[in-house]
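Read off the chains here:
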Amino acid sequence: MLTQKNKKPPLHACFFYDSNQQRHKVLASYFQEGLDNKELCILVTPETPRQVLAGFKTLGHDLSDAVASGAFRIFDMHSSYISDGRFVSDFMLQNVKVFIEDAKSNGYSGLRTAGEMTWLYSAPEFTEEAKQYESDVNNLTTPSSHFTGICLYPTENANTKIVTDALQTHPGYLDNGHICANPNYKPVSKV
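Residues numbered from 1 in each chain as written. Predicted model: local features only at pLDDT ≥ 70, side-chain atom pairs only at ≥ 80, totals over all residues. Heavy atoms only, no water.

Caption draft 1: Just the environment of His 178, in detail. Here His 178 lies in strand 8 (residues 178-181). Once the C-alpha coordinates of His 178 and Tyr 17 are considered, the two residues, 161 residues apart in sequence, prove to be 14 Å apart. (Helix = DSSP H or I, 4+ residues; strand = E, 2+ residues; numbered from the N terminus.)

Caption draft 2: Fine view of the packing of aromatic side chains. Evaluation of the coordinates by the stated rule reveals 10 aromatic pairs. For the ring pair Phe 56 and Phe 72, a centre distance of 6.2 Å and an interplane angle of 25° mean the geometry is stacked. With Phe 56 in helix 2 (residues 49-57) and Phe 72 in strand 4 (residues 72-76), this pair connects stretches of sequence that are 16 residues apart. Taken as a pair, Phe 56 and Phe 72 share a single burial class, namely buried. Relative to Phe 99, the ring of Phe 75 lies with its centre 5.6 Å away and its plane at 45°, an arrangement referred to as tilted. With Phe 75 in strand 4 and Phe 99 in helix 5 (residues 89-105), this residue pair connects regions lying 24 residues apart in the sequence. Residue class for Phe 75 comes out partly exposed when judged on its relative accessible area of 31%. According to the relative accessible area criterion, Phe 99 is buried, its value standing at 19%. Grouping aromatic residues by their ring pairs yields a cluster made of Tyr 30, Phe 31, Phe 56 and Phe 72. (Phe/Tyr/Trp six-rings, centres within 6.5 Å; stacked < 30°, edge-to-face > 60°. Buried < 20%, exposed > 50% of the residue type's maximum accessible area, 1.4 Å probe, protein only.)

Caption draft 3: The nonpolar core, seen in detail. Counting 30 residues, the largest nonpolar core has Tyr 81, Phe 87, Leu 111, Trp 119 and Tyr 153 as the members making the most contacts within it. Mapped onto this core, the elements with two or more residues apiece are strand 3 (40-45), helix 4 (77-81), helix 5, helix 6 (118-122), helix 7 (127-140), strand 6 (147-154) and helix 8 (160-169). Setting aside chain neighbours within four positions, we find Phe 87 in contact with Tyr 81, Ile 82, Met 92, Trp 119, Phe 126, Glu 129, Ala 130 and Tyr 133. Residues Ala 28, Cys 41, Phe 72 and Leu 152 belong to the second largest nonpolar core, which totals 24 residues. (Core = buried A, V, L, I, M, F, W, Y, C linked by side-chain atoms within 4.5 Å. Contact = heavy atoms within 4.5 Å.)

Caption draft 4: Layout of the confidence of the model for the protein. Model confidence for the protein is summarised by a mean pLDDT of 89, while 93% of its residues fall at 70 or above. This stretch, residues 3-7, has a pLDDT under 50; its non-local contacts, to residues over four places away or in other chains, come to 12 contacts. (pLDDT = per-residue confidence, 0-100.)

Below you can see the structure in the form of structure tokens.
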């Protein structure tokens, strides 16, 4: 289970992982905690829903009923972030706003998301727009929005600029299952 080390935890964090097993372990606990808290849970991933559920199940988390009920939704990374071959920050931000409203209007206690960012490794031309998007997401993650988001970055094949931007645009980071304040965070102003 993820815990938060500080009294006012960051609600938008980056997570750098070394293996799919490590990723599944953190995500299974993260989403199980969200479902236990009656939150709407959203995962954007390159894996199929079947692969996600199988990975979680091997760790003792059977989330198939949550998928069937719509409380846990799994979306394809490529069609979510770069449909039509390009990343559009405003479109993605609007999707997050819709999910926040969907959670509220359907009686969930909040929204909990995780988004895989490997798409950016193969499309670095969208780095600046992705950086602005991450900054704009911070404006949505307020205690009153009841929205928590984690962005997932594999350490394998990591681009130094992308990693630096991730560290600078996320107020939090995951460390051994804890969401911690990120000392590298630098708010980005709208251009």
